[in-house]
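# Geometric and topological summary
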Amino acid sequence: MIGEWLIGILILLGAVVCVISVFGLIRLPDVYLRSHAATKSATMGVLLILFGGFLYYWLFENHISIKLLLGIVFVFIASPVAGHLNGRAAYRSGVPLWKGSVQDDLKRDTKRMK
């Protein structure tokens, strides 16, 4: 019974985090903040859902799903890297920062590279 509750809570919490991520994608003002919302919260939401699925197979089916473990590792590694690369590409393409941004850390680094 505790396992059922734990799995249900993990999957529900993952779905809630994904919905919060969607609101961030809609409401945030620029590509950099949207990228942050997509990579951080969506990654956490997907990881919680996948971990809930892994626990289900482990506790109730007596099967350790290597596919789910590989999916967890892949999402954990690939999603933040992809978000970082998208943000870097947007910056190098000249997409302006939000007018409320107070600091531009990449400006110094890109001047050094030129």
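In what follows, the accompanying structure is described.

Definitions and cut-offs
Numbering of residues begins from 1 in every chain and follows the order in which that chain's sequence is written. pLDDT decides what is reported in this predicted model: residues at 70 or higher carry local features, side-chain atom pairs at 80 or more are listed and counted, and totals for whole chains, interfaces and linings draw on all residues regardless. Each side-chain value is derived from all of the structure's non-hydrogen atoms; neither hydrogens nor water enter the calculation. Secondary structure elements follow DSSP: runs of H or I no shorter than four residues count as helices, runs of E no shorter than two count as strands, and numbering proceeds from the N terminus. With C-alpha atoms as the basis for the radius of gyration, the globule rule is written as 2.2 Å multiplied by the number of residues raised to the power 0.38. When accessible area is computed with a 1.4 Å probe and restricted to protein chains, residues below 20% of their type maximum are described as buried, those above 50% as exposed, and intermediate ones as partly exposed. Between two residues, a contact is recorded if the distance between any of their heavy atoms is within 4.5 Å. Note on areas: these come from Shrake-Rupley sampling with a 1.4 Å probe, and a residue is covered only by the protein chains present in the view. Note that His is not counted, nor are the chain ends; the positive residues are Lys and Arg, and the negative ones are Asp and Glu. A single reference atom marks each charge: NZ on Lys, CZ on Arg, CG on Asp, CD on Glu. Angles shown run from 0 to 180 degrees and are taken between the N-to-C directions of axes, each axis being a line fitted to C-alpha atoms and, for helices, limited to the stretch in contact. These descriptions rest on fixed angle ranges, namely under 35 degrees for roughly parallel, over 145 for roughly antiparallel, 65 to 115 for roughly perpendicular, and the rest for oblique. Less than a right angle of anticlockwise turn of the near helix away from the far helix marks a crossing as left-handed, whereas a clockwise turn marks it as right-handed. Each residue is assigned to one of three groups, with Ala, Val, Leu, Ile, Met, Phe, Trp, Tyr, Cys and Pro labelled nonpolar, Asp, Glu, Lys and Arg labelled charged, and all others, Gly among them, labelled polar.

Within the protein, the secondary structure is distributed over four helices and zero strands. Walking the protein from its N terminus toward its C terminus, one meets helices and strands in the order α-α-α-α. What you see for the protein is a C-alpha radius of gyration of 18 Å, clearly larger than the 13 Å of a compact globule of 114 residues, by over 25%. Its C-alpha atoms give the protein principal-axis dimensions of roughly 60 × 30 × 15 Å. Within the protein, the proportion of its 114 residues that are buried is 25%. A separation threshold of at least 6 residues defines the contact pool for the protein, and within that pool the share at least 24 residues apart is 64%. When the accessible area of the protein is evaluated, it comes to approximately 8400 Å², of which 71% is carbon and sulfur surface. Separation of charge centres in the protein, based on 12 positive and 6 negative side chains, amounts to 13 Å.

Further remarks concern the packing of helix α1 (residues 2–27) against helix α2 (residues 31–60). It is the contact of α1 with α2, at a shortest axis distance of 8 Å, that shows an interaxial angle of 165°. Judged by the angle between their axes, α1 and α2 are roughly antiparallel. Relative to α2, the crossing made by α1 is left-handed. Its residues assigned to classes, the contact of α1 with α2 shows 21 nonpolar, eight polar and two charged.

With that settled, consider the packing of α2 against helix α3 (residues 66–92). Where α2 meets α3, the axes come as close as 9 Å, and the angle between the chain directions of the two elements is 175°. In this view, α2 runs roughly antiparallel relative to α3, as classed from their interaxial angle. Within the contact between the two elements, α2 uses Val31, Tyr32, Ser35, Thr39, Thr43, Val46, Leu47, Leu50, Phe51, Gly53, Phe54 and Tyr57 and α3 uses Leu68, Leu69, Gly71, Ile72, Val75, Phe76, Ser79, Pro80, Gly83, Gly87, Ala90 and Tyr91. The residue inventory of the contact of α2 with α3, partitioned by class, reads 16 nonpolar, eight polar and no charged.

On to the side chain of Ser41, then. By the secondary structure assignment, Ser41 is in helix α2. Overall, the relative accessible area of 18% leaves Ser41 in the buried class. When sequence neighbours within four positions are dropped, the list of residues in contact with Ser41 reads Val17, Ser21 and His36.

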